[in-house]
Amino acid sequence: MEQARVLNRDLGGCSFEQEGDNFYVVGADAVRKKLGSSGIGGTLETVAVRDRTVMTRNYIFNNTWDYVSLVLNVKTPPNGGNANSVTVYGTAIGTSTYKQIQKITTLNADVTVNIKGYDHIKLAVTASHSGNVGHSYEAVTITTYALS
């Protein structure tokens, strides 16, 4: 019994849970993190625009309650693209209404967004182009992301 008390004291308020074949640690701040999960990452790309208009493409991530942060890196687009941003929206756990969490306008740098407490995340990637009227352009914004 004494060993159990010492172990609990040394965990600093953390606890462990098992759900099926998955194991979780719950921190002192009540955030539940799946063990063995290093997160997911990838690249979002291609926002096409025409005639100096602005276009937004949405990317949705479901079942994000195991993650506490999202790191975005919005790249400067080639071909004259401009006015780039990524707006991060989320639905609080148990709700279905998206609310804005943060708007990212910093380019070519990692920006961390706290997504703790949200179970669906939507990224609205926006680009525009200042080319000639009557022509279509690929004002590409390449955005890398990582959920952890």
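What you are looking at is a predicted structure, and each value in this text was computed from that prediction instead of being measured.

Topic: the overall build of the chain
Then, number 1: On a plain count of helices and strands, the chain comes out with 1 helix and 13 strands.
Then, number 2: Burial status across the chain gives 32% buried among its 148 residues.
Then, number 3: Sequence separation of at least 24 residues holds for 70% of the intrachain contacts in the chain that already meet a minimum separation of 6.

What to know about the environment of Asp110
Then, number 1: Mapped onto the elements, Asp110 comes out in the loop between strand S9 (98-104) and strand S10 (111-114).
Then, number 2: Overall, Asp110 belongs to the exposed group, its relative accessible area being 59%.
Then, number 3: Residues Asp110 and Asn73 lie 37 residues apart in sequence; the distance between their C-alpha atoms is 4.7 Å.
Then, number 4: In contact with Asp110, not counting residues within four places along its chain, are Val71, Leu72 and Asn73.
Then, number 5: A distance of 2.9 Å separates the side chain of Asp110 from the side chain of Asn73, its partner in a polar contact.

Quick word on the pairing of strand S11 (residues 118-129)
Then, number 1: The element S11 is extensively covered by neighbouring structure, given that 10 of its 12 residues are classed as buried.
Then, number 2: Bridge count between strand S6 (residues 54-62) and S11: 9 bridges; the pairing is antiparallel. Along S11, the bridge assignment pairs Arg57 with Val125.

Focus on the nonpolar core
Then, number 1: Counting 19 residues, the largest nonpolar core has Leu70, Leu72, Ile121 and Leu123 as its most contacted members.
Then, number 2: Residue assignment for this core shows that the elements contributing at least two residues are S6, strand S7 (69-74), strand S8 (81-92), S10, S11 and strand S13 (143-147).
Then, number 3: With 4 residues, S11 is the single largest residue contributor to this core.
Then, number 4: The contact partners of Leu123, leaving out residues within four places of it in the chain, are Leu44, Arg57, Asn58, Tyr59, Phe61, Leu70, Leu72, Val86, Thr87 and Val88.

Re the sheet that holds S7
Then, number 1: The 4 strands are arranged S4-S13-S7-S10 in an open sheet whose pairing can be described as antiparallel. At either margin of the open sheet sits one strand with a lone partner, and together these are strand S4 (40-44) and S10. Between one strand axis and the next, the sheet turns through 20° on average, direction left out of account.
Then, number 2: Relative to S13, S7 runs antiparallel, the two sharing 5 bridges. Within S13, the position partnered with Val74 by the bridge is Thr143.

So, the environment of Ile40
Then, number 1: Relative to the elements of secondary structure, Ile40 occurs in strand S4.
Then, number 2: Look at Ile40 and you get partly exposed, because its relative accessible area is 40%.
Then, number 3: Between the C-alpha atoms of Ile40 and Ser148, which are 108 residues apart in sequence, the distance is 6.8 Å.
Then, number 4: Aside from chain neighbours lying at most four places away, what touches Ile40 is Tyr67, Tyr145, Ala146 and Leu147.

Notes on the confidence of the model for the chain
Then, number 1: In the predicted model, the chain carries a mean pLDDT of 76, and the fraction of residues at 70 or more is 59%.
Then, number 2: Ranking the elements of the chain by mean pLDDT puts helix H1 (residues 2-10) last with 58 and S9 first with 95.

Parameters at a glance
Residues numbered from 1 in each chain as written. Predicted model: local features only at pLDDT ≥ 70, side-chain atom pairs only at ≥ 80, totals over all residues. Heavy atoms only, no water. Helix = DSSP H or I, 4+ residues; strand = E, 2+ residues; numbered from the N terminus. Buried < 20%, exposed > 50% of the residue type's maximum accessible area, 1.4 Å probe, protein only. Contact = heavy atoms within 4.5 Å. Polar contact = N/O pair within 3.5 Å; in protein donor to acceptor, adjacent residues only side chain to side chain. Pairing = 2+ DSSP bridges. Core = buried A, V, L, I, M, F, W, Y, C linked by side-chain atoms within 4.5 Å. Axes fitted to C-alpha atoms, helices over the stretch in contact; angles between N-to-C directions. pLDDT = per-residue confidence, 0-100.

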